[in-house]
Amino acid sequence: MPSSASAPAFELARPKDAPLDPPPLYAELRTERPVTRVSLWEGQLSPWLVTRWEDARAVLGSPAFSSDPSRPGAPNFKPGTPQPRRGFFQGHDDPVHALMRRTLTREFMVKRIDALRPAIARLTDEFLGDLTGRPGPADFVERFALPLPSLVICELLGVPYEDHPFFQRHSKVFVDMTATAEETTRAQQALATYLLELVRTKRTTPGDDLVTRLAEQVDAGVITEQDAADLSSFLLFAGHETTANMIALSTITLLHHPERIPYVLGDQDQYVLGDQDQVAGAVEELLRHISIVHGGLRRTAVEDVTIGGVTIRAGEGVIIPVGVANRDPEIFAAPDDLDLERADARRHLAFGYGIHQCLGQPLARAELQIVLPELFRRLPGLKVAVPMEDIAFKQDSIVYGVHELPVTW
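Because the structure is predicted, anything quoted here is derived from the model rather than measured.

Quick look at the confidence of the model for the protein now. Chain-level statistics for the protein give a pLDDT mean of 89 and a share of 93% at 70 or above. This stretch, residues 1-5, has a pLDDT under 50; its non-local contacts, to residues over four places away or in other chains, come to 6 contacts. Overall, residues 270-275 carries pLDDT values under 50, and its contacts beyond four positions in sequence, including any with other chains, amount to 14 contacts.

See below:
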C-alpha cells in the first residue's frame, strides 16, 4: 500500500488537448493501482481513489460507506466545507436520507416526467427561436443551454422564473472549488431563505407544483418547513446546473464528431413521446462518455471493508472519479470511443449508483432526448465559433462544463 507521502495529488484538470476526457493519470492508476491513495488539500488528507467500474459500484452500493461530509476523514472538496442542510439529502445516510427521498420519489417517476415532455419540447422550440431570431455569434450557454433547464425546473417547482439570476448566481458558488467555506455558507443560506419564504407562500396560496406538494407534507406533519425549503433549494440547484452543463458538453462533443449527429436525430414525429430507442441510446452514451461529475463521488468508510483487494479502514475517505470508471475497458469495449450505438452504455455511473443514485435522472434524460435532436434539426449548420483551446472549461468546478460557448449557425 503506498504511503500518504507518495500519494499523487488528486487532480481535477482535464488535458487541454482533450478537455472532454478524464485526466490520463487516472487511466494508468485504474490499470496499475485501481485502489490507491491520493492527497487532498496540499497533503492534509489522503483518501483512497477507486477507479475501476466494479470497485466503484461496490463502494456506492455498500452501507459500509457514508456520504455524510461531516464525518471525520470525509474527503470534502476543500477544508472547512460546511455540512449541507438536512434537505440536501445526498449528504446524509439512512434513515434521514430515506425520509427525505420518499417525499420526492413520486415527483420524479418516469410516468410523471413523460407527461412533461410536450412542455419541454415547447420550451425548446421557443428558446431555439429566440437564439436564431437574432444575429450570431451567440453564447450558447447564456441563450439556450442554461435558461432552458432553468425554466423547466422553475415550472416544475413553482419558482418564479424572473428570479433565475438570483438562484443561478448562488448555485454557481456551490460547485466552485475556489469559493471559500464562508462564501458557500452564505450561498446556501441565501437560497434557503428564499425557498423558505416560497414554502410559506405556497402553504397559504397553493399551486400545481412541487413546492406546493412539499408544503402539503409540512401541513401533514411529515416534514418541517425548513426541510421543505432545503429540499426545494437542492432541486433548484441540481435541476438546472447539471443539465445545462450536459447540454453544452453534448453539443461540443457532437460537433467534434459530426458524423455521429444523425444518431441523435431519431424520428421527428415520435421522439417527443420517448419512443426512440436510438435517441435514448445515444443520450446514454453521451452520459457515459462525458461524465460531468468532475470532482468525483465521495464517501467515508464506517467500518473496515475490502475493495479491490485493498482494506479500507473505518474513518478513511474514498473518491470515485465517475468519468474514469465509465471508461473502464473491462466493462465497455473501446471505452474512449464515442459509440452512439453502444448497446451497454446505460451501465454507466453518470447518475451514481445505490441509494444515492440521482433522483432527477428521468428529467435529465427527457430533456437531453428532446433538446439534442431538435437542436441539430433546427440548426444543421451549427458550429463552435472559436477554437477548442479557446473554450473556457470549468476546470475548478465540481460539475464539469463550460462557462460560455460562442456559436454560429
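What follows deals with the sheet that holds strand 5 (residues 297-301). With mixed pairing, 5 strands are arranged side by side in an open sheet as 1-2-8-5-3. Of all strands in the sheet, those bounded by a partner on one side alone are strand 1 (35-37) and strand 3 (65-66). Sheet topology note: the strand 5/strand 8 (residues 317-320) ladder contains 4 bridges and is antiparallel. When the bridges of strand 8 are listed, Arg298 appears paired with Ile319. Running at roughly 130° to strand 8, helix 2 (residues 53-60) makes contact with strand 1, strand 2 (48-50), strand 3, strand 5 and strand 8 of the sheet.

For the rest of this paragraph, the subject is helix 11 (residues 225-256). In a regular helix each residue adds 1.5 Å, so 32 residues correspond to 46 Å; helix 11 covers 47 Å between its end C-alpha atoms and thus fits that length. A large share of helix 11 lies buried, amounting to 28 of its 32 residues.

In terms of burial, strand 5 is largely enclosed, as 5 of its 5 residues are buried. Burial along strand 5 is two-sided: Leu297, Arg299 and Ala301 and Arg298 and Thr300, pointing in opposite directions, are all buried. With 2 bridges connecting them, strand 3 and strand 5 associate as antiparallel partners. The partner of Phe65 across the bridge, within strand 5, is Ala301.

Take helix 10 (residues 210-219) next. Here helix 10 lies mainly inside the structure; 7 of its 10 residues are buried. Within the sequence span of helix 10, burial applies to Leu210, Val211, Thr212, Leu214, Ala215, Gln217 and Val218. In the core, the buried residues of helix 10 are packed alongside helix 7 (147-157), helix 9 (181-204) and helix 11. Looking at where helix 10 begins, the residue whose side-chain oxygen comes 3.3 Å from the main-chain nitrogen of Val211 is Asp209.

Here we come to the pairing of strand 8. If a strand is regular, its side chains alternate between the two faces of the sheet. Of the two faces of strand 8, the one lined by Gly317 and Ile319 and the one lined by Val318 and Ile320 are each fully buried. Strand direction decides the pairing type here: strand 2 and strand 8, joined by 2 bridges, are parallel. Within strand 8, the residue paired with Leu49 across the bridge is Ile319.

Another point: the packing of helix 7 against helix 11. Where helix 7 contacts helix 11, the two axes come as close as 8 Å, and the packing angle between them is 155°. Considering the angle they form, helix 7 stands roughly antiparallel to helix 11. Every pair of crossing elements has a handedness; the one defined by helix 7 and helix 11 is right-handed. In contact with Pro149, Ser150, Ile153, Cys154 and Leu157 of helix 7, helix 11 contributes Ser232, Leu235, Leu236, Gly239, His240, Thr243, Ala244 and Ile247. In the contact of helix 7 with helix 11, the residues fall into 8 nonpolar, 5 polar and no charged.

Take unusual backbone geometry next. Going from Asp94 to Pro95, the amide bond is cis rather than trans, its omega being 10°. One can find Pro95 in the loop between strand 3 and helix 3 (96-102). Along the chain, Gly136 connects to Pro137 via a cis peptide bond; the corresponding omega equals 0°. The residue Pro137 is located in the loop between helix 5 (117-132) and strand 4 (138-139) in this model. Positive phi values are uncommon outside glycine, yet Ser291 reaches one of about 50°. Counting through the fold element by element, Ser291 comes out in the loop between helix 12 (277-290) and strand 5. A positive phi angle, near 45°, is found at Ala334, a position not held by glycine.

In terms of nonpolar packing, the biggest core is built from 88 residues, with Phe140, Val159, Leu236, Leu249 and Val402 touching the most fellow members. The dominant element in this core, judged by the number of residues it contributes, is helix 11, at 15 residues. With sequence-adjacent residues up to four places away left out, Phe140 is seen in contact with Leu131, Ala145, Ile247, Ala248, Thr251, Leu375, Leu405 and Val407. Among the nonpolar cores identified, the runner-up in size contains 22 residues, and Val50, Ala56, Phe65 and Ile307 belong to it.

The subject of this paragraph is the state of the cysteines. A full pass over the atoms with the stated rule returns 0 disulfides. Unpaired in this structure, Cys154 has its nearest cysteine sulfur neighbour in Cys358, at a distance of 18 Å. Overall, Cys358 belongs to the partly exposed group, its relative accessible area being 32%.

Another aspect to go through is the sheet that holds strand 10 (residues 406-408). Pairing is antiparallel in the open sheet, where 3 strands are placed in the order 4-10-9. The sheet is open, and its two borders are formed by strand 4 and strand 9 (383-384), each paired with just one other strand. Sheet topology note: the strand 4/strand 10 ladder contains 2 bridges and is antiparallel. Counted as the bridge partner of Ala138 is Val407 from strand 10.

Here we come to the packing of helix 7 against helix 14 (residues 361-378). Where helix 7 contacts helix 14, the two axes come as close as 12 Å, and the packing angle between them is 135°. Of the possible angle classes, the one that applies to helix 7 and helix 14 is oblique. Considering the relative orientation of helix 7 and helix 14, their crossing is right-handed. For the pair formed by helix 7 and helix 14, the contact residues are Leu148, Pro149, Val152, Ile153 and Leu156 on the first element and Leu363, Glu367 and Val371 on the second.

So, how was this worked out
Residues numbered from 1 in each chain as written. Predicted model: local features only at pLDDT ≥ 70, side-chain atom pairs only at ≥ 80, totals over all residues. Heavy atoms only, no water. pLDDT = per-residue confidence, 0-100. Contact = heavy atoms within 4.5 Å. Pairing = 2+ DSSP bridges. Helix = DSSP H or I, 4+ residues; strand = E, 2+ residues; numbered from the N terminus. Axes fitted to C-alpha atoms, helices over the stretch in contact; angles between N-to-C directions. Expected span 1.5 Å × (residues − 1). Buried < 20%, exposed > 50% of the residue type's maximum accessible area, 1.4 Å probe, protein only. Polar contact = N/O pair within 3.5 Å; in protein donor to acceptor, adjacent residues only side chain to side chain. Parallel < 35°, antiparallel > 145°, perpendicular 65-115°, else oblique. Left-handed = near helix turned anticlockwise from the far one by under 90°. Nonpolar A, V, L, I, M, F, W, Y, C, P; charged D, E, K, R; others polar. Core = buried A, V, L, I, M, F, W, Y, C linked by side-chain atoms within 4.5 Å. Disulfide = S-S within 2.5 Å.

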